[in-house]
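Observations on chain architecture
Listed below, chain by chain, are the residues.
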Amino acid sequence: MLKIKYENGGGTESIEYKSAADFLANQRLEVPDLEDYYKIVDVTLDGKPVELTDKTIIGLYKKFDSEDD
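If you're wondering where the values come from, they're calculated on a predicted model, not measured in any experiment.

Some details on the overall build of the chain
Of the regular secondary structure elements, the chain holds two helices and four strands. What you see for the chain is a C-alpha radius of gyration of 11 Å, in line with the 11 Å of a compact globule of 69 residues. Overall, the C-alpha framework of the chain stretches about 35 × 30 × 20 Å when taken along its three principal axes. Across the 69 residues in the chain, those meeting the buried criterion constitute 33%.

A word on the pattern of salt bridges
If you walk through the whole model with that rule in mind, you get two salt bridges. When the shortest N-O distance is used, the salt bridge between Asp 65 and Arg 28 registers 3.0 Å. Residue Asp 65 is found in helix α2 (residues 57-68), and its partner Arg 28 is found in the loop between α1 (20-27) and β3 (39-45); the two are separated by 37 residues along the sequence. Among the residues examined, Arg 28 registers a relative accessible area of 48% and is labelled partly exposed.

Topic: the environment of Lys 63
Tracing the chain through its elements places Lys 63 in helix α2. For the pair Lys 63 and Val 50, spaced 13 residues apart in sequence, the C-alpha separation works out to 9.6 Å. Apart from residues no more than four positions distant in its own chain, Lys 63 is found in contact with Val 50, Glu 51 and Leu 52.

Overview of unusual backbone geometry
Phi is mostly negative for residues that are not glycine, and the peptide bonds are mostly trans. You will see that Asp 46, though not glycine, has its phi angle at about 55°, which is positive. Relative to the helices and strands, Asp 46 resides in the loop between β3 and β4 (48-49). For Asp 46, a relative accessible area of 58% translates into the label exposed.

Describing the packing of aromatic side chains
The geometry of an aromatic ring pair comes down to the distance between the two centres and the angle between the two planes. Inspection of every chain in the model, using the stated rule, returns four aromatic pairs. Taken together, a centroid distance of 5.3 Å and an interplanar angle of 85° make the contact between Tyr 37 and Tyr 38 edge-to-face. Its relative accessible area of 61% is what places Tyr 37 among the exposed residues. For Tyr 38, a relative accessible area of 12% puts it in the buried group. The rings of Tyr 6, Tyr 37 and Tyr 38 are connected pair by pair, giving a single aromatic cluster.

The rules behind each value
Residues numbered from 1 in each chain as written. Predicted model: local features only at pLDDT ≥ 70, side-chain atom pairs only at ≥ 80, totals over all residues. Heavy atoms only, no water. Helix = DSSP H or I, 4+ residues; strand = E, 2+ residues; numbered from the N terminus. Rg over C-alpha atoms; globule rule 2.2 N^0.38 Å. Buried < 20%, exposed > 50% of the residue type's maximum accessible area, 1.4 Å probe, protein only. Salt bridge = Lys/Arg side-chain N within 4 Å of Asp/Glu carboxyl O. Contact = heavy atoms within 4.5 Å. Phe/Tyr/Trp six-rings, centres within 6.5 Å; stacked < 30°, edge-to-face > 60°.

In structure tokens form, the structure reads like this:
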């Protein structure tokens, strides 16, 4: 389970995906769930923290996309 807590405007929201692959597939849609520029507060994959250098949705996308190669 991928859990993402992010800032949206003035508040913090969270969303869950079954896997990193589901997150990647959703972000590839014409209208994804999350905007690329949203700042990530916290993200875990299967209960383990995911380390990011770019703490945005696009940064998370690029991390998982590069691991998928």
